[in-house]
Amino acid sequence: MKVHWTETAEEHLDAIYSYIAQNSPQYAILMVDRLTRRSQQIADFPLSGRKVPEYKMEQIREVIEGHYRIIYHIKPDQIDVLAVIHASQNILR
């Protein structure tokens, strides 16, 4: 299935990169690469992520990569990555 990164999710990746790159540009590249590579798991196994506890909807799921939550929405024709947030962030804000 096709995975589409929403504008919001891409902005989150940019912010993650910028934050980490302040101390280590090389690690920032590696982290963003790790986060984006999870798209393959999502594409191959959309239901492998757990339901997002804050929403309790079957089609809103997440996978964890390091300290980040990759939140996505399963649609009939594609998967939309909605957000990439640090696990300590409040998703409902």
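Our subject is the structure that appears above.
Quick look at the structure, then. (Residues numbered from 1 in each chain as written. Predicted model: local features only at pLDDT ≥ 70, side-chain atom pairs only at ≥ 80, totals over all residues. Heavy atoms only, no water.)

## Considering the overall build of the chain
Counting secondary structure elements, the chain contains two helices and five strands. Along the chain, helices (α) and strands (β) appear in the sequence β-α-α-β-β-β-β when read from the amino end. When its C-alpha atoms are laid out on the principal axes, the chain stretches across 40 × 25 × 20 Å. By residue count, 41% of the 93 residues in the chain fall in the buried class. For the chain, restricting intrachain contacts to residue pairs at least 6 apart in sequence, the fraction spanning at least 24 positions comes to 42%. Working note: accessible area of the chain is about 5,900 Å², and carbon and sulfur atoms make up 54% of it. (Helix = DSSP H or I, 4+ residues; strand = E, 2+ residues; numbered from the N terminus. Buried < 20%, exposed > 50% of the residue type's maximum accessible area, 1.4 Å probe, protein only. Contact = heavy atoms within 4.5 Å. Areas by Shrake-Rupley, 256 points an atom, 1.4 Å probe, with all protein chains shown as cover.)

## Some words on a negative patch on the surface
Together, E7, E10, E11 and D14 make up a region of like negative charge exposed at the surface. When you line up the elements, E11 lands in helix α1 (residues 7-21). (Patch = residues over 30% accessible without salt bridge, like charges linked within 9 Å, V, L, I, M, F, W, Y side chains within 5 Å. Salt bridge = Lys/Arg side-chain N within 4 Å of Asp/Glu carboxyl O. Lys, Arg positive; Asp, Glu negative; His and termini not counted. Charge placed at Lys NZ, Arg CZ, Asp CG, Glu CD.)

## Side note on the side chain of D80
Along the polypeptide, D80 turns up in strand β5 (residues 78-86). A polar atom in the side chain of D80 sits 2.6 Å from the side chain of Q78. Every residue in contact with D80, bar those within four places of it in the chain, is listed here: H4, T6, I71, Y72, H73 and K75. (Polar contact = N/O pair within 3.5 Å; in protein donor to acceptor, adjacent residues only side chain to side chain.)

## Examining unusual backbone geometry
One non-glycine residue, K56, adopts positive backbone phi at about 55°. Its place among the elements puts K56 in the loop between β2 (50-51) and β3 (60-65). Residue classification places K56 among the exposed residues on the basis of a relative accessible area of 71%.

## A word on the pattern of salt bridges
Close approach of charged atoms allows side chains of opposite charge to pair. In this structure the tally under the stated criterion is nine salt bridges. The partner of R34 in a salt bridge is E65, with the nearest N and O atoms 2.7 Å apart. Of the two residues, R34 is situated in helix α2 (residues 25-44) and E65 in strand β3; the sequence distance between them amounts to 31 residues. Using a relative accessible area of 12% as the deciding quantity, one classes E65 as buried.

## Thoughts on the pairing of β5
Burial within β5 is extensive, with seven of its nine residues counted as buried. Where strand β1 (residues 2-5) lies against β5, four bridges are found, and the strand directions are parallel. For K2, the partnering residue across the bridge sits in β5 and is Q78. As paired elements, strand β4 (residues 68-74) and β5 share seven bridges and run antiparallel to each other. What sits directly across from I70, in β5, is V84. Once β4 ends, the chain turns through three residues before running back antiparallel as β5. (Pairing = 2+ DSSP bridges.)

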